[in-house]
Amino acid sequence: MIRCKDIHKSFGEKEVLKGISFDIPNGKIFGLLGPSGAGKTTLIKILTGQLDFEKGEAYILNKDVSKLTGEDKADIGIMMDQFGVYERLSCMDNLKIFADIYGIPKSRIIETLALVGLEDAINKAASDLSKGMRVRLQLARVFLNTPSILFLDEPTTGLDPMTQKLIHKIILDKKESGCTIFLTTHNMEEAAKLCDEVALLNEGVIVDSGSPKDICRRYNHQKKILIHLTSGKDMEFTHDGKCAEQICRLMEDGKIETIHSSEPNLETVFLELTGRKLED
Amino acid sequence: MKNILIIIKKEIKDTLKNKAVFLQFVIMPVLTLIMENAINVEGMPELYFMKMFSIMFIGMAPLAACAAIISEEKEKNTLRVLMMSNVKPWQYLIGIGVYVWIICMCGAAVMSIGLKGKDVLIYLSVMGVGFAISILIGSCVGIYAKNQMVATSLYMPVFMVLAFLPMLALFNETIKKVSKIFYTQQIRMILDDMSFDGITYQSAIIVSVNTALAIALFFLIFKKKGLE
Ligand SMILES: Nc1ncnc2c1ncn2[C@@H]1O[C@H](COP(=O)(O)OP(=O)(O)OP(=O)(O)O)[C@@H](O)[C@H]1O
Ligand SMILES: [Mg+2]
């Protein structure tokens, strides 16, 4: 459904993407993770035919991205923060333009605004929306029709946890209805929760990819157990007989407050792979 | 066709809220109504203000409106969303052009209130041609400029030449010789005569050449810049 092979892209001297390849099957959610400036947005632009690239191949809907027709575009939903809204028009009028283009009834607009929790702002001018509300308006535009591929560039950045949950649910519902979704994020939890497959992008190279669980398991070489004692002290144990005895004794004496195994999460894997933090 | 109508509808909603563009459309018609009715000096040529403001209207409103609308959509990245939603560049440009033309014609209709019945047709025809040429030039500015700031600074000198030269030409023969090569001056001369029969070959040719140049420039810039 979405496929690319050895994509290279430079802006002037600077090579931003250095040979990106992946293959996303139908009906899956694919997450592209990476720090700011990694090239995530650039890759979305390339995959949606908005940007030329020097080398490589990119296909969506089984078509070369440079040959997408108008009908194909109606089948692709794209949300990115570079996409503007009509500031002076209300939420309703903003969506009305696109509903008219796609031939969608007005009732569906109200439905969609309610879906993203903007039902109280239907007649508010876009310029009066808060940052999070604006993101939701942009999402509403994508959810208005029913494309078979969605590209979402950081769909939940800047949203409160409640709204994030709401958006996650909509995304999962879209997947349920057969939609293929490509999303980028800085948020590890989000990726682990939503994505069937993730790719870690750093400085234009995919450093690892796979299902979030697999990736984490693959980097679970330390296998540490962390114990917080009732006395307030923290202790670290490895998986061996001597440590097991110690832990057993602490447990018998009732000295343990909490006990955790430290499986790596995507965050720590990323840190280990690149020496860079994802969010900052 | 459907998309063109959608663009026109959108612009109608937006213009009422966009003061900068809205003023462009109403200021000359309103000024004309006021001045023609309020000021009546002995010996002043007939329809003095109406003709003067008509030319300023042609040289200003369509130009400023097209440049502002297109450059704003580029700057705010709304144009890109339209393009990604399968609105073709030509549909968008025709939509904006037709919309601006219709609104300007409504303004011209208001300005023609003081005219004798038989003069209305020639007046509106000539104004319609003038608006069309200005729309082409305004679109060139809008397409060329990457944001509203650049658009404003580009359109200012053009507007000075097209709108002000014909006015200065009223008082200065040398300026008139220069301004004759522009369609606004020619339209002014046609309006002075106010009859189809009075249109000279020279006027017809100059207006045609102006039109041809505007069209050529439009396609040149559009081909080079596109709409992104
Ligand atoms: N039009 C452009 N011209 C020049 N350089 C660009 C252009 N667009 C992007 N870049 C550069 O490409 C690199 C990747 O940018 P990109 O926007 O793809 O990052 P990103 O991963 O989306 O970051 P973020 O998480 O902050 O959105 C950056 O170094 C950026 O400066
Ligand atoms: Mg980005």
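Given the structure is predicted, the values throughout are model-derived calculations rather than measurements.

(A) Layout of the sheet that holds strand 4 (residues 55-60) of chain A. Residue and element names in this part refer to chain A. The 4 strands lie next to each other as 2-1-4-5, forming an open sheet whose pairing is antiparallel. The sheet terminates laterally at strand 2 (14-24) and strand 5 (63-64), the two strands that pair on one side only. Across 2 bridges, the pairing between strand 4 and strand 5 is antiparallel. Within the sheet, the bridge partner assigned to Tyr59 lies in strand 5 and is Asp64. Where helix 1 (residues 40-47) meets the sheet, it contacts strand 1 (2-11), strand 2 and strand 4, and its direction lies at approximately 60° from that of strand 2.

(B) Quick look at the site of ligand 1. All names here are of chain A. The local shell around ligand 1 holds 13 residues, among which Lys14, Ser36, Lys40, Thr41 and Thr42 are the closest. Measuring from an oxygen atom of ligand 1, one finds a side-chain N or O atom of Thr41 at 2.5 Å. Contact between ligand 1 and Glu154: an oxygen atom at 3.1 Å from a side-chain N or O atom of the residue. Burial of ligand 1 by the protein chains amounts to 60% of its free accessible area of 630 Å². Elements with a minimum of two residues in the shell around ligand 1: strand 2 and helix 1.

(C) How the structure looks around the sheet that holds strand 7 (residues 149-153) of chain A. Residue and element names in this part refer to chain A. Read from one edge to the other, the open sheet built from 6 strands follows the order 6-7-8-3-9-10, with strand pairing classed as mixed. Strands with a single pairing partner mark the edges of an open sheet, and in this sheet they are strand 6 (76-79) and strand 10 (205-210). Along the sheet, successive strands turn relative to each other by an average axial angle of 15°, direction set aside. Pairing between strand 3 (residues 29-33) and strand 8 (residues 180-185): 5 bridges, direction parallel. Within strand 8, the position partnered with Gly31 by the bridge is Leu183. Those strands touched by helix 10 (residues 266-274) are strand 3, strand 9 (197-202) and strand 10, and its axis lies near 35° from that of strand 9.

(D) Spatial organisation of the interface of chain B and chain A. At the interface, 22 residues of chain B touch 23 residues of chain A. Both faces combined, the contact of chain B with chain A buries some 2,200 Å², and carbon together with sulfur accounts for 58% of it. At the boundary of chain B and chain A, one finds 4 salt bridges. Linking chain B with chain A are 9 residue pairs in polar contact (both at pLDDT 80 or more), by the criterion used here. Mapped onto the side of chain B that touches chain A, the elements with two or more residues apiece are helix 1 (2-15), helix 3 (48-75) and helix 4 (78-84) of chain B. No other element matches the 7 residues that helix 1 of chain B contributes to the side of chain B that touches chain A. By residue class, the composition of the side of chain B that touches chain A is 6 nonpolar, 6 polar and 10 charged.

(E) How the structure looks around the environment of Val142 of chain A. All names here are of chain A. Inspection of the secondary structure puts Val142 in helix 5 (residues 131-143). With 34 residues separating them in the primary sequence, Val142 and Arg108 have C-alpha atoms 13 Å apart. In this structure Val142 touches Gly77, Ile78, Met79, Pro147 and Leu150, once residues within four positions along its chain are discounted.

(F) Just the nonpolar core, in detail. Counting residues in hydrophobic clusters, the biggest one holds 150 residues, and the most contacted among them are Phe22, Phe151 and Phe182 of chain A together with Leu82, Tyr92 and Val100 of chain B. No other element matches helix 3 of chain B, which puts 17 residues into this core. Excluding residues that lie within four positions of it along the chain, Phe151 of chain A makes contacts with Ile2, Ile44, Leu47, Thr48, Ile60, Ile76, Gly77, Ile78, Met79 and Phe182 of chain A. Membership of the second largest hydrophobic core comes to 7 residues, among which are Ile225, Leu229, Phe237 and Ile247 of chain A.

Cut-offs and rules
Residues numbered from 1 in each chain as written. Chains lettered and ligands numbered in written order. Predicted model: local features only at pLDDT ≥ 70, side-chain atom pairs only at ≥ 80, totals over all residues. Heavy atoms only, no water. Pairing = 2+ DSSP bridges. Helix = DSSP H or I, 4+ residues; strand = E, 2+ residues; numbered from the N terminus. Contact = heavy atoms within 4.5 Å. Axes fitted to C-alpha atoms, helices over the stretch in contact; angles between N-to-C directions. Near = heavy atom within 4 Å. Polar contact = N/O pair within 3.5 Å; in protein donor to acceptor, adjacent residues only side chain to side chain. Areas by Shrake-Rupley, 256 points an atom, 1.4 Å probe, with all protein chains shown as cover. Buried area = accessible area lost by both parts, 1.4 Å probe. Salt bridge = Lys/Arg side-chain N within 4 Å of Asp/Glu carboxyl O. Nonpolar A, V, L, I, M, F, W, Y, C, P; charged D, E, K, R; others polar. Core = buried A, V, L, I, M, F, W, Y, C linked by side-chain atoms within 4.5 Å. Buried < 20%, exposed > 50% of the residue type's maximum accessible area, 1.4 Å probe, protein only.

These values are about where atoms sit, not about what they do.
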